[in-house]
Amino acid sequence: MIRLVLLGLVLAGVWYLYRMVTRQGASTAAVPPPEPANDAAPAEAEAEAEEMAECPVCRAYLPVSAHEGCGRPDCPIPAVAAAAAEEGEPPAGEPPPDGAPKAG
């Protein structure tokens, strides 16, 4: 008879511990993730975005203002930037200097 009582107490203890653990896991899973502290970060990220252009040689995307190109010896971007500088045109992606006529 004592064995049945002890078996019942052990089973009740295991069941109680199981319920306690599952309740604790459910309460932490129900907590929503914290909100970002700085709401201005997405707006700043959009303001700092730069237009990208694809290098015709290696197909890497580079900022339009990158005049050195992708780094390969056969990259045409530095030559195009140098030709634009000789003609007095602003490089692609940069506004024309003050007083210069705007294209288009």
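What follows covers the overall build of the protein. Summing up its helical and strand segments, the protein has 3 helices and 2 strands in all. Along the protein, helices (α) and strands (β) appear in the sequence α-α-β-β-α when read from the amino end. Buried positions account for 7% of the 104 residues belonging to the protein. For the protein, restricting intrachain contacts to residue pairs at least 6 apart in sequence, the fraction spanning at least 24 positions comes to 13%.

Secondary-structure assignment places Arg-72 in the loop between strand S2 (61–63) and helix H3 (77–86). Residues Arg-72 and Cys-58, 14 residues apart in the sequence, show an inter-C-alpha distance of 8.1 Å. Those residues in contact with Arg-72 that lie beyond four places of it in its chain are Val-57 and Cys-58.

As a further point, take unusual backbone geometry. Positive phi, normally seen in glycine, also occurs at Arg-59, with a value near 70°. Note that Arg-59 resides in the loop between strand S1 (52–54) and S2. Judged by relative accessible area, Arg-59 falls into the exposed class, the value being 53%.

Here the protein averages 75 in pLDDT, while 62% of its residues score no lower than 70. The secondary-structure element of the protein with the lowest mean pLDDT is helix H2 (residues 41–47), recorded at 58, while helix H1 (residues 2–29) shows the highest, at 86.

Together, Met-1, Ile-2, Val-5, Leu-6 and Leu-9 line one region of the surface with nonpolar side chains, adding up to about 580 Å² of accessible area. Judged by relative accessible area, Met-1 falls into the exposed class, the value being 78%.

So, on to the pattern of salt bridges. Opposite charge on two side chains lets them pair, provided their charged atoms get close. With the rule as written, the count across this model stands at 1 salt bridge. Of the charged contacts, one joins Arg-72 and Asp-74 as a salt bridge, the two residues approaching to 3.3 Å between their closest N and O atoms. A relative accessible area of 41% means that Arg-72 is categorised as partly exposed.

Reading the values: the criteria
Residues numbered from 1 in each chain as written. Predicted model: local features only at pLDDT ≥ 70, side-chain atom pairs only at ≥ 80, totals over all residues. Heavy atoms only, no water. Helix = DSSP H or I, 4+ residues; strand = E, 2+ residues; numbered from the N terminus. Buried < 20%, exposed > 50% of the residue type's maximum accessible area, 1.4 Å probe, protein only. Contact = heavy atoms within 4.5 Å. pLDDT = per-residue confidence, 0-100. Patch = residues over 30% accessible without salt bridge, like charges linked within 9 Å, V, L, I, M, F, W, Y side chains within 5 Å. Areas by Shrake-Rupley, 256 points an atom, 1.4 Å probe, with all protein chains shown as cover. Salt bridge = Lys/Arg side-chain N within 4 Å of Asp/Glu carboxyl O.

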